[in-house]
Amino acid sequence: MGIKAKDLITMEQLSVEEIENILQTAREMKNVLKRDIKKIPTLRGKAIINLFYEASTRTRTSFELAGKYMSADVINISTSTSSVVKGESLKDTGLTLEMMGADIVVIRHSMSGAPQMLGQYLRARVINAGDGFHEHPTQALLDMMTMKEHLGELKGLKVAIIGDILHSRVARSNIHGLTKMGAQVWLCGPPTLIPHGLEKLGVKVTYDINEALQDAQVVMMLRIQLERQKAGLFPTLREYSQLFGLNRERLQLAAKDCLVLHPGPMNRGIEISGEVADGLHSVINEQVTHGVAVRMALLYLMLGQKEEW
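Every value quoted in this text rests on a predicted model; they were computed, and no experiment measured them. The residue numbering used here restarts from 1 in each chain and proceeds along that chain's sequence as written. Where local features are concerned, this predicted model is filtered to residues with pLDDT of at least 70; where side-chain atom pairs are given and counted, the filter is 80 or more; whole-chain, interface and lining totals use all residues. Heavy atoms from the whole structure form the basis of all side-chain values; hydrogens and water molecules are not counted.

### Thoughts on the UniProt feature "binding site: carbamoyl phosphate" (unreviewed entry) in the protein chain
And then number 1: UniProt positions are given in the numbering used here, feature names are shortened, and annotations may be inferred rather than shown by experiment. According to UniProt, the "binding site: carbamoyl phosphate" (unreviewed entry) feature falls on Arg58, Thr59, Arg108, His136, Gln139, Gly264 and Pro265.
And then number 2: A run of H or I in DSSP counts as a helix once it spans at least four residues, and a run of E counts as a strand once it spans at least two, with each numbered from the N terminus. Tracing the backbone shows Arg58 in helix H2 (residues 58–69).
And then number 3: The cut-offs for exposure are 20% and 50% of the maximum accessible area for each residue type, with area from a 1.4 Å probe on protein chains only; residues under the lower value are buried, those over the upper are exposed, and the others partly exposed. Overall, the relative accessible area of 44% leaves Arg58 in the partly exposed class.
And then number 4: Contacts are residue-level and defined by heavy atoms, with any inter-residue pair within 4.5 Å sufficient. Contact partners of Arg58, with chain neighbours within four places excluded, come to Pro263, Gly264, Pro265 and Arg295.
And then number 5: Along the chain, Pro265 turns up in the loop between strand S9 (259–261) and helix H11 (274–277).
And then number 6: The residues contacting Pro265, other than those within four sequence positions of it, are Arg58, Arg223 and Glu271.

### Quick word on the sheet that holds strand S6 (residues 184–188)
And then number 1: Think of it this way: DSSP has to see at least two bridges between two strands before they count as a pair. The sheet built from five strands is open, its strands ordered S7-S6-S5-S8-S9 with parallel pairing. What marks the edges here is a single partner per strand, and that holds for strand S7 (204–206) and S9. Averaged over all pairs of adjacent strands, the angle between their axes in this sheet comes to 20°, without regard to strand direction.
And then number 2: Across five bridges, the pairing between strand S5 (residues 158–162) and S6 is parallel. Looking across to S6, one finds that Ile161 is bridged to Leu187.
And then number 3: Lines are fitted to the C-alpha atoms to define the axes, a helix being fitted only along its stretch in contact, and any angle between axes, read from their N-to-C directions, falls within 0 to 180 degrees. Helix-sheet contacts for helix H6 (residues 169–180) involve S5, S6 and strand S8 (218–221), and the interaxial angle to S6 is about 155°.

### With respect to the UniProt feature "binding site: L-aspartate" (unreviewed entry) in the protein chain
And then number 1: The positions that UniProt labels "binding site: L-aspartate" (unreviewed entry) are, in the present scheme, Lys86, Arg169 and Arg223.
And then number 2: Counting through the fold element by element, Arg169 comes out in helix H6.
And then number 3: Since its relative accessible area comes to 13%, Arg169 is described here as buried.
And then number 4: For Arg169, the residues in contact, after removing those within four places along its chain, are Glu54, Arg108, His109, Gly130, Asp131, Gly132, Phe133, His134, Glu135 and His136.
And then number 5: Polar side-chain contacts of Arg169 include one of 3.1 Å to the backbone oxygen of Gly132. Think of a polar contact as two N or O atoms within 3.5 Å of one another; within protein, one of them needs to be a possible hydrogen donor and the other a possible acceptor, and neighboring residues in sequence only count if both atoms come from side chains.

Okay, structure coming up:
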């Protein structure tokens, strides 16, 4: 079984069975990354376009490596050097790429809904690599893979997601994915950075980091977006760090074998201390490896199998 829909836009669209299949396939792909020669012929002759309207290092590079490790032809398009700067629409850009033979378009865009709109115009498959403040499904999948590798089942885990929930597409995708898999998700941050009504999604909300951390088996710290401080959503970075930053003392409230995750890039000394980021509980570097494995799995499931959609 692959991905039922033509495109991967949200974690919301995936069933429990699809998520389990993606994660199991990613475990197999991880074995390829351990080889001296990281190359399999699965996607030979397929064309993958990385269309990034926002700057990215981890996501773009991991999609590029995932495609190349599977022998696909991968092209990266930076919008600052493309016809986009001349005013070309997203639709026209996508159709141009499709007419050139693109099989998959991986898109990151600052506007929520852009990947879904693009997918409606193209016969090629579309993968959302992050859209506005909406979702980032492949990040949630790699986070979930990291949890499963260390802790086994996701069902019943207490996962504390701490930081700027309001503007975080990573948080939204993890909320949809983890609650679907039976995890207990706690959200924590300043009241100005947590949207109202999230409890309807089956999560618990607290403004007390100690309550969120208590017995948590997974602690996911989110990057504090520094421009939010200029918008007056919290007083100072120092105060934010004192109230919501993760340090060694606070981490002792969590479960003994807890994992510390961060989608990156980190602001060391603000949302997370250096000693925690580099400590024994941190699996932040492992997340990067799992990012390549998950994206290899998705490309295989979306292109490597002959399916009707």
